Amino acid sequence: MSTILSLQNLIKTFGGLMAVAGVSFDVEDHSIVGLIGPNGAGKTTVFNLITGNYRPDSGTVIFARRGITNMPTHKIVQLGIARTFQTIRLFQEMSVLENVLSGCHCRMRAGLFASMFHTPGQRKEERLAVQRAMRELAFVGLDEQYTNLAKNLSYGNQRLLEIARALATEPSFLILDEPAGGMNTQETQDLMGLIRAIRSRGITVLLIEHDMHLVMEVCEKLVVLEYGAVIAEGGPEEIKTNPQVIKAYLGAEDD
Amino acid sequence: MMELTQQRYFSLVSGAVFFAFMAALPLILSNIGLDGDGRYHIGVLNDIGLYALLGLSLNIILGDAGLFSMGHGAFYAMGAYTTAMLNTKFAIPILYTLPLAGCVAAFFAFLVTMPILRLRGDYLLVVTIGIVEIVRIVLTNDVGGATGGANGIANIARPEIFGYRIITPTQFFYLIWGFVAVTVVVFYALNHSRFGRALNYVKQDELAAAGNGIDTYRYKLMAFVLGAFWAGMAGTLYASKMKFISPEAFSFSESVLLFAIVILGGAGSIPGVILGAFMLIGLPELFRELADARMMFFGLAMVLMMIFRPQGFLPTRRRRYHAKQEVGKFSCAAGSLCPLDNPVFTLDSHVPEQDLPLFDGPRPLRDTELDEKA
């Protein structure tokens, strides 16, 4: 196993608040890693630093042996990191299929002129993209709903659509920000299967999740954040019994 | 039953019917006993055609990409003045100035929008108003001594196509509406492509678009450049139709009018924008007898319209995709997720490698490549 993503001493401050205070951890290729911690611990900020939505004050992000710190988001996606959002950010007024096609965009090449005149190459690429998008929809189980508007899907299905859209970018690394948020027990159970299935396609998964059952079941490694710093790292069993983690989640007893 | 507008060939058939009717219109107008054989009416239709062209070009920016631009008159003016100067000073035929005017307007758009594209919504709107005012004032004050100042530029030649001079309103009618037809076909194709979709993603959610690999800055810039290119070409048609141009023709109110054509007709909708041009340019002419009161009624109509039908008269229709045959074709379809660790979901069996779309370009590194580098 080799390291696919490596964060080295990332620091990000907002005004006087140090949201991420020197975070370092590695993610092994083909693994499922969970990033957990109390609310406001800086988990989503770490995601935004990886995907280029924020620029770190200092520190580096290395993906597949390439420094991606300060790279624009769309380039990072092209290199193979895809993400979903904590608050669902679908193209609400567009169809389910069009949402997934947005993921295909970065693997397509048709330029302005090919698009204007629908050249044979453009048509072929378009056909393949639709096929590819439908495959990803089938993968998450939404292919029958391809003509629906994204906003008309149920909450759980909207989360699945975000995953399908991210997968359509052909990532080798997928970042899921609270994928089970708003899902019921059955949907969460299905989601666990889906996350494993994504990994078995050769895609490394890094996720934030508050559903501890899901995290403990699915993740092979956990990284625990508190106040913008890593307080523990290890397998689920190790983390469950780690006194510092218990303290962070339940609060310290008065001595 | 499917709605009529959702039928497969609806766009093609309705577009063909519309342009066939427009092609016959000069013949009809000149044979029903109107004063001056309908020259006035054809002249109004020419104006409508020009505004339809400008509206369609603004629609790329405002309707498709959702960028609030109220400075479209600036690009239009750049095109018209480029043609006027090249034609009167260097005697370059109008037809050759057409692409040049487009290029100058596009380059201008590239330069002025590059620094302002990070602005959003109303902030962008205010800056674009500034741009159109600057252009108008520069033209009026004759900066550089080439624009003729407030007097404008006169004696612009008529266009000549294969030795055939375009002079009468009817001839201009076919030139302008022919150009509209070409524009509609090209922009329709553009809309139904990767490019058109990308503009819509940017319009709907810029952050999500970037998060899915779309270079949002580049697409916003391209929307402005393409829209300006087309507006510049429309400026050429205008200059050669009027034979004379002055800064008054490119005032801020022209840009507002174009903005209203797009919003009122239906932002992002090609038939909507053409209808918008008919309504905003045609209707005031139709009610000329009401004299000054017509503009008041007109303003009232616009207010009511925005209250009761904010999406415009003919809002965009949804794109159609031929994906039906793909439904249920792949395993694990029909809304059911796979049981845990279902072997169906390995990459090899679920998505056979040879069937994967073979897009050229950067692919994510596969694990074998990673190992090689290790």
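So, how was this worked out
- Chains are numbered independently. Their residues run from 1 in the order of the written sequence.
- Naming scheme: in the order in which they are written, chains are lettered from A and ligands are numbered from 1.
- Only residues with pLDDT of at least 70 are given local features in this predicted model, and only at 80 or more are side-chain atom pairs given and counted; all residues enter the totals for whole chains, interfaces and linings.
- Side-chain figures throughout are based on the complete set of non-hydrogen atoms in the structure, without hydrogens or water.
- Strands are runs of DSSP state E lasting at least two residues, helices are runs of H or I lasting at least four, and both sets are numbered from the N terminus onward.
- Residue burial is assigned from relative accessible area. The probe radius is 1.4 Å, only protein chains are included, and a residue is buried under 20% of its type maximum, exposed over 50%, and partly exposed in between.
- Should any heavy atoms of two residues lie within 4.5 Å, those residues are counted as being in contact.
- All accessibility values rest on the Shrake-Rupley procedure with a 1.4 Å probe; residue burial counts only the protein chains present in the view.
- Definition used in this section: a nonpolar core is a set of buried Ala, Val, Leu, Ile, Met, Phe, Trp, Tyr and Cys residues joined via side-chain atoms within 4.5 Å.
- For helices, the fitted line uses only the C-alpha atoms of the stretch in contact; every axis is such a line through C-alpha atoms, and the angle between N-to-C directions lies from 0 to 180 degrees.
- Angles are sorted into four bins: roughly parallel if under 35 degrees, roughly antiparallel if over 145, roughly perpendicular if 65 to 115, and oblique for all others.
- Classification used: nonpolar for Ala, Val, Leu, Ile, Met, Phe, Trp, Tyr, Cys and Pro, charged for Asp, Glu, Lys and Arg, polar for all others including Gly.
- Paired rings are identified among Phe, Tyr and Trp, the last through its six-membered ring, by centres lying within 6.5 Å, and are further divided according to the angle between planes into stacked (under 30 degrees), edge-to-face (over 60) and tilted (the rest).
- To sit over a ring, a charge needs its Lys NZ or Arg CZ within 6 Å of the ring centre and within 35 degrees of the ring normal.
- A domain assignment, automatic or from a database, supplies the domain bounds used here.
- We define buried area as the total accessible area lost by two parts upon association, computed with a 1.4 Å probe and summed across both.
- What makes a salt bridge here is a side-chain nitrogen of Lys or Arg within 4 Å of a carboxyl oxygen of Asp or Glu, nothing more.
- Note: two strands are recorded as paired if DSSP finds a minimum of 2 bridges between them.
- The span you would expect from a helix comes to 1.5 Å times its residue count less one.
- Two N or O atoms count as a polar contact when they lie within 3.5 Å, although within protein this holds only if one can serve as hydrogen donor and the other as acceptor, and sequence-adjacent residues are included solely when both atoms are side-chain atoms.
- Lys and Arg are tallied as positive, Asp and Glu as negative. Neither His nor the chain termini are counted.
- Known as pLDDT, the predictor's per-residue confidence is scaled from 0 to 100.
- Patch building starts from residues that exceed 30% relative accessible area and form no salt bridge, then joins like charges within 9 Å and nonpolar side chains (Val, Leu, Ile, Met, Phe, Trp, Tyr) within 5 Å.

Would you take a moment to explain the overall build of chain B for this structure?
Within chain B, the secondary structure is distributed over 14 helices and two strands. Within chain B, the fraction of its 374 residues that count as buried is 48%. If you take every contact in chain B between residues at least 6 apart in sequence, the share linking residues at least 24 apart comes to 75%. Approximately 17800 Å² of chain B is accessible, and the part contributed by carbon and sulfur atoms is 66%.

Would you mind showing me how to read the nonpolar core here?
The nonpolar side chains of a soluble globular protein tend to be buried with one another. Core analysis: the largest hydrophobic core is formed by 156 residues, its most contacted members being Leu97 and Leu137 of chain A together with Trp177 and Ile245 of chain B. The next biggest cluster of nonpolar side chains, apart from the first, holds 28 residues, and it includes Leu10, Val20, Leu206 and Val223 of chain A.

Which parts of the structure should I look at to understand the packing of helix H6 (residues 169-191) of chain B against helix H11 (residues 270-286) of chain B?
Angle between the axes and distance between the axes are the two parameters that describe a pair of packed helices. Residue and element names in this part refer to chain B. Across the interface, H6 lies against H11 with an axial gap of 10 Å and an inter-helix angle of 150 degrees. Comparing the axis directions of H6 and H11 gives the class roughly antiparallel. Facing Trp177, Val180, Val184, Phe187, Tyr188 and Asn191 of H6, the residues of H11 in contact are Ile270, Ile274 and Phe278. For the contact of H6 with H11, the per-class residue count stands at eight nonpolar, one polar and no charged.

Looking at this structure, how should I read the packing of aromatic side chains?
Given two aromatic rings, their pairing is described by the distance between the two centres and the angle made by the two planes. Throughout the structure, instances matching the rule amount to 20 aromatic pairs over all chains. Between Tyr76 of chain B and Phe250 of chain B, the aromatic rings sit 5.1 Å apart at their centres with planes inclined by 80 degrees, giving edge-to-face as the arrangement. Linking Tyr76 of chain B in helix H3 (residues 72-90) with Phe250 of chain B in the loop between helix H9 (216-242) and helix H10 (252-265), this pair joins segments that are 174 residues apart in sequence. For the pair Tyr76 of chain B and Phe250 of chain B, a shared accessibility class is recorded, and that class is buried. Aromatic pair Phe173 of chain B and Tyr174 of chain B: ring centres 5.4 Å apart, planes at 85 degrees, arrangement edge-to-face. Classification of Phe173 of chain B by relative accessible area gives buried; the value is 1%. With relative accessibility at 37%, the residue Tyr174 of chain B sits in the partly exposed group. Here the guanidinium or amino end of Arg201 of chain A rests over the ring plane of Phe139 of chain A, the centre of that ring lying 4.5 Å away. Sitting over the ring of Tyr219 of chain B, Arg218 of chain B keeps its end group 5.6 Å from the ring centre.

Explain the domain arrangement of chain A here, please?
How big an interface is tends to be stated in terms of the accessible area lost upon association of its parts. Residue and element names in this part refer to chain A. Domain boundaries in chain A define domain 1 (1-80 + 171-255) and domain 2 (93-168). Distance from the C-alpha centre of domain 1 to the C-alpha centre of domain 2: 27 Å. Tallying the contact residues gives 19 residues for domain 1 and 13 residues for domain 2. Summing the contributions of domain 1 and of domain 2, the shared interface buries around 1300 Å²; its carbon and sulfur component is 65%. It is Gln78, Leu194 and Arg201 that lose the most area in domain 1 upon contact with domain 2, and together they represent 37% of the buried surface on that side.

Which parts of the structure should I look at to understand the pattern of salt bridges?
Pairs may arise between side chains of opposite charge once their charged atoms sit close together. A complete count under the given rule lists 16 salt bridges over all chains for this structure. The partner of Arg89 of chain A in a salt bridge is Asp205 of chain B, with the nearest N and O atoms 2.9 Å apart. One end of the pair, Arg89 of chain A, is in the loop between strand S6 (81-83) and helix H3 (96-104); the other, Asp205 of chain B, is in the loop between helix H7 (194-204) and helix H8 (206-211), on a second chain. A relative accessible area of 27% means that Arg89 of chain A is categorised as partly exposed. Two residues, Lys220 of chain B and Glu206 of chain B, come together in a salt bridge whose shortest N-O distance is 3.0 Å. In this pair, Lys220 of chain B sits in helix H9 while Glu206 of chain B sits in helix H8, placing the two residues 14 residues apart along the sequence.

Looking at this structure, I do not really get the sheet that holds strand S2 (residues 17-28) of chain A. What am I missing?
Think of a sheet as strands paired side by side through backbone hydrogen bonds, with each pair either parallel or antiparallel. Residues and elements named next belong to chain A. Strand order across the open sheet formed by four strands is S2-S1-S4-S5, with antiparallel pairing between neighbours. Edge positions in the open sheet fall to S2 and strand S5 (66-67), since each of these has one partner strand only. Each of strand S1 (3-14), S2 and strand S4 (58-63) is contacted by helix H1 (residues 43-50), which is oriented at about 115 degrees to S1, the strand it contacts most.

Just to check I follow, could you spell out H11 of chain B for this structure?
Note on helix geometry: an α-helix contains 3.6 residues per turn, so any two residues three or four positions apart are oriented the same way. For H11 of chain B, built from 17 residues, the straight-helix expectation of 24 Å at 1.5 Å per residue is met to within 8% by its first-to-last C-alpha distance of 23 Å. Where H11 of chain B begins, one side-chain oxygen reaches toward the backbone nitrogen of Gly272 of chain B, 2.9 Å away; that side chain belongs to Ser269 of chain B.

Just checking my understanding: could you explain the side chain of Asp64 of chain B for this structure?
All names here are of chain B. As for its placement among the helices and strands, Asp64 is situated in helix H2 (residues 39-64). Buried charge Asp64 goes without a salt bridge, the closest partner of opposite sign being Arg319 at 6.3 Å. If we skip the residues at most four places from it in the chain, Asp64 touches Asn59, Asn191, Leu199, Asn200, Lys203 and Gly268.

Any chance you could explain the environment of Asp64 of chain B here in plain terms?
The class of Asp64 of chain B is buried, set by a relative accessible area of 7%. Residues Asp64 of chain B and Thr316 of chain B, 252 residues apart in the sequence, show an inter-C-alpha distance of 9.8 Å.

Explanation requested: the sheet that holds strand S8 (residues 204-208) of chain A in the structure shown.
Residue and element names in this part refer to chain A. Read from one edge to the other, the open sheet built from six strands follows the order S6-S7-S8-S3-S9-S10, with strand pairing classed as mixed. The open sheet has two edge strands with one neighbour each: S6 and strand S10 (229-234). Each adjacent strand pair in this sheet contributes to an overall mean axis angle of 20 degrees, direction not counted. As defined by bridge partners, strand S9 (residues 221-226) adjoins S10 across five bridges and the pair is classed as antiparallel. Residue pairing for S10: Leu225 is matched across the bridge by Val230.

How should the confidence of the model for chain B be read in this particular structure?
Should pLDDT be low for a region, the predicted coordinates there are not to be read in detail. Residue and element names in this part refer to chain B. Looking at chain B, pLDDT values average 85 and 86% of them are 70 or higher. Confidence scores differ between elements of chain B, with helix H13 (residues 347-350) showing the lowest mean pLDDT of 32 and H9 the highest of 97. The complex model carries a pTM of 0.89, and its ipTM stands at 0.94.

I keep staring at the pairing of S9 of chain A and nothing clicks. Help me out?
Within a regular beta strand, the side chains point alternately toward one face of the sheet and then the other, so they alternate between its two faces. Sheet topology note: the strand S3 (residues 32-36) of chain A/S9 of chain A ladder contains four bridges and is parallel. Of the residues in S9 of chain A, the one forming a bridge with Gly34 of chain A is Leu222 of chain A.

Honestly, a nonpolar patch on the surface in this entry has me stumped. Any pointers?
All names here are of chain B. Judged by side-chain polarity, Leu283, Leu286, Phe287, Leu290, Met296, Phe297, Leu300, Val303, Leu304, Ile307 and Phe308 come together as a nonpolar surface patch covering roughly 1100 Å² of accessible area. Where the nonpolar patch is concerned, the elements lending two or more residues are H11 and helix H12 (293-308). In terms of residue count, H12 provides more of the nonpolar patch than any other element does, seven residues in total. Residue Ile307 is classed as exposed on the basis of its relative accessible area, which comes to 56%.

I keep staring at the environment of Thr147 of chain A and nothing clicks. Help me out?
Tracing the chain through its elements places Thr147 of chain A in the loop between helix H5 (120-140) and helix H6 (155-167). Overall, Thr147 of chain A belongs to the partly exposed group, its relative accessible area being 43%. Separated by 32 residues in the primary sequence, Thr147 of chain A and Ser115 of chain A place their C-alpha atoms 23 Å from one another. In this structure Thr147 of chain A touches Ser95 of chain A together with Arg318 of chain B, once residues within four positions along its chain are discounted.

Is there a simple way to think about unusual backbone geometry in this case?
Residues and elements named next belong to chain A. Although it is not a glycine, Asn9 sits at a positive phi angle of roughly 55 degrees. If you trace the backbone, Asn9 turns up in strand S1. Residue Asn9 is classed as partly exposed on the basis of its relative accessible area, which comes to 44%. For His118, which is not a glycine, the phi torsion comes out positive at approximately 45 degrees. Inspection of the secondary structure puts His118 in the loop between helix H4 (112-117) and H5.

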